[in-house]
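Reading the structure
The primary structure of each chain is shown beneath.
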Amino acid sequence: MLIKRREFLKISSLATASMLMPNFLKAMTLDEALNPGQNILVVLQFTGGNDGLNTIIPAKNDIYFRERKTLAIHDSIPLTDEAGINPSLSYFKELFDNGELSVMNNVGYPNPDKSHFRSMDIWQSASRSDQFLETGWLGRFLDEECYRCDHPTQALEVDDMLSLALKGENNKAFAFKDPKRLYQTSQEKYFKSLYDHHHDDETVSYLYQTLGSTINNADYIFEKSKAKKTEQVYPNSQLGKDFKTVASLIKSDINTQVYYLSIGSFDTHVNQNDRQKKLFDDINESVKSFVADMKSNGLFKNILLMTFSEFGRRVAQNASNGTDHGTANQMFFISGNLKKKGLLNTLPDLQNLNDGDLIYKEDFRKVYATILKNWLKADSSKVLGWKDGIYDFV
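Summary of the structure given here. (Residues numbered from 1 in each chain as written. Predicted model: local features only at pLDDT ≥ 70, side-chain atom pairs only at ≥ 80, totals over all residues. Heavy atoms only, no water.)

By the criterion of burial, strand 10 (residues 329-335) is predominantly enclosed, with seven of the seven residues buried. Of the two faces of strand 10, the one carrying N329, M331, F333 and S335 and the one carrying Q330, F332 and I334 are both buried. Here strand 9 (residues 303-309) runs beside strand 10; their pairing, made up of three bridges, is antiparallel. Across the sheet, residue M306 finds its bridge partner in strand 10, namely F333. (Buried < 20%, exposed > 50% of the residue type's maximum accessible area, 1.4 Å probe, protein only. Helix = DSSP H or I, 4+ residues; strand = E, 2+ residues; numbered from the N terminus. Pairing = 2+ DSSP bridges.)

Here you go:
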């Protein structure tokens, strides 16, 4: 059977999902939900290198205001005597006061790379800066869990393409932007005809099989996504819609333990404050709706929302009212079940810099190890090869 060019273009979005489909996706047709009370991880990626110093502000640090004459945030919302939070993240202050937010400062890795692509690969694969891995830390988590779980542990990314973070050696997460759109595409007559198609070439045959399997399970994902409609109002932004999709799936009985979202771009070389404010406003309102939704359904204690960015920005502003690529940054952790709340460590040391860049104090792989072991109940040493201890905030 020959595929005409227009037919190939027509199936591109479905083929993308299919090529990224995990081997265990058929297990989703089994009526196996997560065990009641099982923890769920939601990862929110700040793509582009968010400026951490204008996120958690060193409000009493003269060096900060001296190096950022026009960019410094003067109206931050106080968290402690020394630290404030960007005013566009006002809901995060409420979470902080409620003991539902933890902040880890100075997170990074040795010999940092300032390339967006390389540093993102390092964060997503949990590799060393001189190491190149083709699998991600959550993908390897899937590989490890599928060998010992009664039913496969699932992961979903709300995006058109699957991130490296969710690609394992034997198992991969499933990427889709909209469950309804995936379902509608899968129901078209042309796609359904692929389900029973066979081809002598092994690679082509595999493509048809995975396409068919995606078709077979697209209705399952869609049905779960609309199983329990929410009364919660979400922002009409892409991130708001993505969080609404995640919330609908969490409230269903789908067996998904990891969700992955992203927003950007935070690459603020020019006119940083306007761009960062717009992004933070969206994040603030989207997270506020999501947390309210989870709380109203009694699920917040089993949710951990984690944020990260591939690097921070330089301490000094540039000549374009922006900041250039830097190094260490902070991570947020939001949950109804945190063991340690608030600022988990000290603010960045602006007197001790490396050629104008922050020096990391906490290795991001130790954060991942903590989440894997304490939250997802996985063997972090097998997933990461990390044996240097963990934190105790979850």
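In this section: the sheet that holds strand 4 (residues 83-85). Pairing is antiparallel across the open sheet formed by three strands, whose spatial order is 2-4-3. The open sheet has two edge strands, strand 2 (56-58) and strand 3 (77-78), and neither has a second partner. Looking at chain direction, strand 3 and strand 4 are connected through two bridges and run antiparallel. Its bridge partner being in strand 4, P78 is matched across the sheet by G84.

On to the packing of aromatic side chains, then. One pass over the structure, following the stated rule, counts 13 aromatic pairs. Relative to F332, the ring of F92 lies with its centre 5.2 Å away and its plane at 65°, an arrangement referred to as edge-to-face. Here F92 is found in helix 4 (residues 90-97), whereas its partner F332 is found in strand 10, with 240 residues between them in sequence. Site record: aromatic cluster; members linked through ring pairs are Y109, W123, W137, F308, F364 and Y368. The lysine or arginine in question, R118, covers the ring of F132, its NZ or CZ lying 3.9 Å from the ring centre. (Phe/Tyr/Trp six-rings, centres within 6.5 Å; stacked < 30°, edge-to-face > 60°. Lys NZ or Arg CZ within 6 Å of the ring centre and 35° of its normal.)

Now for the pattern of salt bridges. Applying the stated criterion across every chain, the model contains 14 salt bridges. Note that E100 and K295 form a salt bridge whose closest N and O atoms lie 3.0 Å from each other. Of the two residues, E100 sits in the loop between helix 4 and strand 5 (101-108) while K295 sits in helix 11 (residues 272-296), which places them 195 residues apart along the sequence. Overall, the relative accessible area of 12% leaves E100 in the buried class. (Salt bridge = Lys/Arg side-chain N within 4 Å of Asp/Glu carboxyl O.)

Membership of the largest hydrophobic core comes to 44 residues, with the highest contact counts inside it found for V42, F243, I283, V287 and F290. The element best represented in this core is helix 11, accounting for seven residues. The next biggest cluster of nonpolar side chains, apart from the first, holds 42 residues, and it includes Y109, M331, A378 and L384. (Core = buried A, V, L, I, M, F, W, Y, C linked by side-chain atoms within 4.5 Å.)

When the terminal C-alpha atoms of helix 10 (residues 238-251) are compared, their 20 Å separation across 14 residues agrees well with the 20 Å that a helix rising 1.5 Å per residue should span. With 11 of 14 residues buried, helix 10 lies mostly within the body of the structure. Taken as a whole, helix 10 has its buried residues at L239, G240, D242, F243, T245, V246, A247, S248, L249, I250 and K251. (Expected span 1.5 Å × (residues − 1).)

Between helix 10 and helix 11, the shortest axis-to-axis distance is 9 Å and the interhelical angle comes to 15°. As far as their axial angle goes, helix 11 and helix 10 are roughly parallel. Crossing angle aside, the handedness with which helix 10 passes helix 11 is right-handed. Seen from helix 10, the contacting residues are L239, G240, F243, V246, A247, I250 and K251; seen from helix 11, they are D282, I283, S286, V287, F290, D293 and M294. (Axes fitted to C-alpha atoms, helices over the stretch in contact; angles between N-to-C directions. Parallel < 35°, antiparallel > 145°, perpendicular 65-115°, else oblique. Left-handed = near helix turned anticlockwise from the far one by under 90°. Contact = heavy atoms within 4.5 Å.)

Picture a little ball the size of a water molecule; that probe, rolled over the atoms, points out where space is still empty. Scanning the model with the defined rule gives three cavities of 30 Å³ or more in all. Lining the largest cavity are D51, G52, L53, N105, N106, G312, R313, A328, N329, Q330, P348 and L358. (1 Å grid on protein atoms, 1.4 Å probe; cavity = no way out; pocket = protein on both sides within 12 Å on 5 of 7 lines; lining within 4 Å. Points joined across faces, edges and corners; volume = space filled by probe spheres on them.)

Between its terminal C-alpha atoms helix 11 stretches 36 Å, which fits the 36 Å expected from 25 residues at 1.5 Å a residue. Of the residues flanking the end of helix 11, it is G298, one or two places downstream, whose phi is positive at about 65°.

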